[in-house]
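# What the coordinates show
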Amino acid sequence: MLLGNSQFWGGLFWLAIGGYVTYAGRDLGLGTLHDPGSGFALFWIGLIMSGLALSITATAITRGGESLASLWHGTRWEKVLIVTVLLLVFGFLFERLGFLICAIALLLVLMLFIDPVPVPTAIAIAFISTFVVWAVLQEVLKIQMPAGILAGAPPQPLVSWQT
């Protein structure tokens, strides 16, 4: 039955998104192949999305698919709610405490309490991944991340990419 088919509804959802992206791209202006307009890439991405969505929808119509209820079976709602609250707290404290402190704290809480991993692994992943992301954003891409309470310490960049 199509009304309960999760692939059918998922395909229709992405078809609508793809249609909107295509329309928005065309509305921004396509330009030409040698001088593309600002909507050129969006237009073609939207068409590709729509084509893929149509293939999913067609497959759901011809072969069927899982029911909508099966998508939510076994969902750990309490963990979903906790992660949502943690992300809201992260967003609220992001500028006050800074990227480094908030990201490390969020990752540690997630890896120690939400989906537990060994403590040494959690600490290593939290610190290494946060500092790698910070270095790429701050030093390579030159995107200023909030320093929060660490503002002014250290006064020089930790990584110097200039020789």
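Refer to the structure above for everything that follows.
These lines cover the structure that appears in this document, whether it is placed above or below. (Residues numbered from 1 in each chain as written. Predicted model: local features only at pLDDT ≥ 70, side-chain atom pairs only at ≥ 80, totals over all residues. Heavy atoms only, no water.)

To continue, consider the packing of aromatic side chains. Each aromatic ring pair is summarised here by two numbers: the centre-to-centre distance and the angle between the ring planes. Per the counting criterion, the structure on display carries six aromatic pairs. Between Phe13 and Trp14, the aromatic rings sit 5.1 Å apart at their centres with planes inclined by 80 degrees, giving edge-to-face as the arrangement. You can call Trp14 partly exposed: its relative accessible area is 46%. Where Phe127 meets Phe131, the ring centres are 6.5 Å apart and the plane angle is 20 degrees; that geometry is what we call stacked. Remark: Phe131 and Phe127 occur in helix 6 (residues 119–140); sequence separation between them is four residues, near one turn of the helix. Grouping aromatic residues by their ring pairs yields a cluster made of Phe90, Phe94 and Phe99. (Phe/Tyr/Trp six-rings, centres within 6.5 Å; stacked < 30°, edge-to-face > 60°. Buried < 20%, exposed > 50% of the residue type's maximum accessible area, 1.4 Å probe, protein only. Helix = DSSP H or I, 4+ residues; strand = E, 2+ residues; numbered from the N terminus.)

As a further point, take helix 4 (residues 77–97). Between its terminal C-alpha atoms helix 4 stretches 29 Å, which fits the 30 Å expected from 21 residues at 1.5 Å a residue. Of all the bends found along helix 4, the most pronounced is centred on Gly91 and spans about 30 degrees. Downstream of helix 4 by one or two residues, Gly98 has phi in the positive range, about 100 degrees. (Expected span 1.5 Å × (residues − 1). Bend = angle between axes of the 7 residues up to and from the residue.)

So, on to the side chain of Ser50. As for its position among the elements, Ser50 is in helix 2 (residues 40–63). Leaving out residues up to four positions away in the same chain, Ser50 has contacts with Leu15, Gly18, Gly19 and Thr22. (Contact = heavy atoms within 4.5 Å.)

The grouping of Leu3, Trp9, Leu12, Leu68, Leu71, Trp72, Trp77 and Val80 at the surface amounts to a nonpolar patch, some 810 Å² of accessible area in total. Contributing elements (two or more residues each) for the nonpolar patch: helix 1 (6–28), helix 3 (68–72) and helix 4. Among the elements that line the nonpolar patch, the one with the most residues is helix 3, at three residues. Note that Leu12 resides in helix 1. (Patch = residues over 30% accessible without salt bridge, like charges linked within 9 Å, V, L, I, M, F, W, Y side chains within 5 Å. Areas by Shrake-Rupley, 256 points an atom, 1.4 Å probe, with all protein chains shown as cover. Salt bridge = Lys/Arg side-chain N within 4 Å of Asp/Glu carboxyl O.)

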